[in-house]
Amino acid sequence: MDMSTSAALLQRDGAPAAAGSALIECSGLWKFYPGSDAPALQDVNLQVRGNEFVTLVGASGCGKSTLLRTIAGLETYSRGGLNVDGRPVSGPGPDRAMVFQHYSLYPWLTVLDNIRFTRQLKAHTRDRTSADVEAAAGRADALLRLMGLTAVANAYPNQLSGGMQQRVAIARALMSRPPIVLMDEPFGALDAQTREVMHDLIAHVHRQEKSTIVFVTHDVEEAIYLGHRVVLMAPRPGRIDSIHEVPLPARRTQDMKLAPEFLALKKTILDRIRDTSGMKTDLELLEKLSAQADGAGL
Ligand SMILES: Nc1ncnc2c1ncn2[C@@H]1O[C@H](COP(=O)(O)OP(=O)(O)OP(=O)(O)O)[C@@H](O)[C@H]1O
Ligand SMILES: [Mg+2]
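Notes on the structure follow. (Residues numbered from 1 in each chain as written. Chains lettered and ligands numbered in written order. Predicted model: local features only at pLDDT ≥ 70, side-chain atom pairs only at ≥ 80, totals over all residues.)

Our next topic: the overall build of the chain. Within the chain one finds nine helices and 10 strands. Counting all 298 residues of the chain, 36% fall into the buried class. Counting contacts in the chain only where the partners sit at least 6 residues apart, residues at least 24 apart contribute 72% of the total. (Helix = DSSP H or I, 4+ residues; strand = E, 2+ residues; numbered from the N terminus. Buried ≥ 20, exposed ≤ 12 C-beta atoms within 10 Å, placed from the backbone. Contact = placed C-beta atoms within 7 Å.)

Given below as structure tokens:
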């Protein structure tokens with residue numbers, strides 16, 4: 001993959017927004033879904049700084065997607081405050097791009113046209129100059145190179161592997177230079193090897209683009225490898241259990257997964273997920289059941 005794409009082309013104009021201060025701020029955030037009396041989010045307090053890479057991890061149903069979608073403005077919240085860059089969130093905006101687990105590409109458009117699609121939509125809503133068109137073409141080219149997609153620019157999504165389709169979806173999300181990228185289990189459907197490649201790619205993209213990333217996963221290793229901080233959530237009610245700084249250099253390499261600090265944090269988080277999920281494997285009970293089954297000649 002070509003990682004040599006010019007940083008100048010890809011950097012957003014000016015400095016990263018609000019570097020060092022909170023770009024996303026959830027304060028005392030509650031969310032009830034209609035018809036449910038248990039909160040999907042209970043008193044969530046979280047600050048994400050500009051250019052930070054924060055991962056959300058936790059047992060199924062702990063509210064990871066709800067929190068991400070609320071930050072995206074795709075869900076309303078019931079109580080509390082949610083500000084992005086100092087302004088209350090009242091719906092989706094061009095400052096926040098979302099990448100979902102399923103690639104959601106337009107099957108009738110080529111890779112290049114999928115990447116350019118949002119930019120083209122925008123172009124219809126305001127006067128387009130030739131400089132705009134050139135800038136968009138340059139940006140699309142740069143993203144194709146960054147994501148290692150140049151050779152398949154004219155292919156259609158159904159001609160690509162899952163990993164490649166997800167790279168197209170990420171490139172499309174990045175096309176309009178969103179300061180914030182929200183990702184909901186984007187690599188959940190990929191095999192282990194492809195996921196590793198995608199991890200290094202997304203970390204590289206994060207460095208190049210200076211974006212702020214909030215990344216949901218249920219994979220603890222993925223959460224630690226990618227995150228500057230790991231936010232551990234717990235279910236029933238959905239809440240933040242604990243927030244863990246990752247004690248590793250910002251630039252990660254695969255061999256760090258074997259570092260003692262990495263393994264210690266992984267154990268801490270896995271133990272805590274087991275404690276909070278209420279879903280422990282009961283080996284004694286399993287053995288009893290299989291003894292009963294043997295006794296009954298099943
Ligand atoms: N649209 C909805 N309407 C009603 N309840 C919902 C809705 N979406 C989610 N919930 C409930 O809110 C809680 C949190 O769900 P959410 O999807 O945010 O969890 P999650 O952490 O993303 O889980 P998973 O790891 O399985 O994706 C769950 O109890 C879920 O059943
Ligand atoms: Mg989810």
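Following the structure, the description resumes.
Next up on the list: the pairing of strand 7 (residues 180–184). In terms of residue burial, strand 7 counts as a mostly covered element, since five of its five residues are buried. Neither face of strand 7 is open: one carries Ile 180, Leu 182 and Asp 184, the other Val 181 and Met 183, and all of them are buried. Pairing of strand 6 (residues 96–99) with strand 7, which is carried by four bridges, proceeds in the parallel orientation. Each bridged residue has a counterpart across the sheet, and for Met 98 the counterpart in strand 7 is Leu 182. Here five bridges tie strand 7 to strand 8 (residues 212–216), and the two strands are oriented parallel to one another. Among the inter-strand pairings, Leu 182 is bridged to a residue of strand 8, identified as Val 214. Following the backbone out of strand 7, through helix 6 (residues 192–209) and into the adjacent parallel strand 8, one traces a crossover that is right-handed. (Pairing = 2+ DSSP bridges. Right-handed = clockwise from strand over helix to strand, strands pointing away.)

Our next topic: the nonpolar core. Formed by 70 residues in total, the largest nonpolar core has its most connected members in Ile 71, Ile 115, Leu 143, Ala 171, Leu 182 and Val 214. Residue contributions to this core peak at six residues, all from helix 5 (residues 162–174). Inspection of this core shows a minimum of three residues originating in each of domain 1 (16–95 + 178–295) and domain 2 (105–177). (Core = buried A, V, L, I, M, F, W, Y, C linked by C-beta atoms within 7 Å. Domains from an automatic or database assignment.)

Attention shifts here to the site of ligand 1. Of all residues adjacent to ligand 1, which total 13 residues, the nearest are Tyr 33, Ser 60, Lys 64, Ser 65 and Thr 66. Top element by residues in the shell around ligand 1 is helix 2 (residues 64–72). It accounts for three residues. Residue classes in the shell around ligand 1 are distributed as three nonpolar, nine polar and one charged. (Near = placed C-beta within 6 Å. Nonpolar A, V, L, I, M, F, W, Y, C, P; charged D, E, K, R; others polar.)

Before going further, it helps to spend a moment on the sheet that holds strand 7. Taking strand neighbours across the sheet as the criterion, the six strands line up as 6-7-8-3-9-10 in an open arrangement whose pairing is mixed. Of all the strands in the sheet, the pair left with one neighbour each is strand 6 and strand 10 (239–245). When the angles between neighbouring strand axes are averaged without regard to direction, this sheet yields 20 degrees. Pairing geometry for strand 9 (residues 229–234) and strand 10, over six bridges, is antiparallel. Each residue of the ladder has a partner; that of Met 233, found in strand 10, is Ile 240. (Axes fitted to C-alpha atoms, helices over the stretch in contact; angles between N-to-C directions.)

Excluding glycine, most residues fall at negative phi; most peptide bonds, likewise, are trans. For the peptide bond that leads from Arg 236 to Pro 237, omega is -5 degrees, which places it in the cis range. Structurally, Pro 237 can be placed in the loop between strand 9 and strand 10. Despite not being glycine, Arg 236 shows a phi value in the positive range, around 50 degrees. For Arg 236, the location among the structural elements is in the loop between strand 9 and strand 10.

This part takes up helix 8 (residues 260–277). Helix length check: helix 8, at 18 residues, gives a terminal C-alpha distance of 25 Å against a target of 26 Å (1.5 Å per residue), a fit within 8%. Where helix 8 is concerned, the buried positions are Leu 265, Ile 269 and Ile 273. The arc that holds the buried residues of helix 8, viewed along the axis, is 70 degrees, so those residues lie on one side. Within helix 8, the exposed residues directed more than 90 degrees away from the buried face are Pro 260, Ala 264, Lys 267, Asp 271 and Asp 275. Positive backbone phi, approximately 70 degrees, marks Gly 278, located one or two places after helix 8. (Expected span 1.5 Å × (residues − 1). Arc of directions from axis to C-beta.)

Bringing the packing of helix 5 against helix 6 into the picture now. Any two packed helices are characterised by how steeply their axes cross, that is the angle between the axes, and by the distance between the axes. In the contact formed by helix 5 and helix 6, the axes pass within 11 Å of each other and the chain directions differ by 15 degrees. Our classification of the angle between helix 5 and helix 6 gives roughly parallel. For the element pair helix 5 and helix 6, the recorded crossing hand is right-handed. Together, Gly 163, Gln 166 and Leu 174 of helix 5 and Thr 194, Val 197, Met 198 and Glu 209 of helix 6 make up the contact between the two elements. Considering only residue class, the contact of helix 5 with helix 6 consists of three nonpolar, three polar and one charged. (Parallel < 35°, antiparallel > 145°, perpendicular 65-115°, else oblique. Left-handed = near helix turned anticlockwise from the far one by under 90°.)

Purely geometric numbers; function is a separate question.
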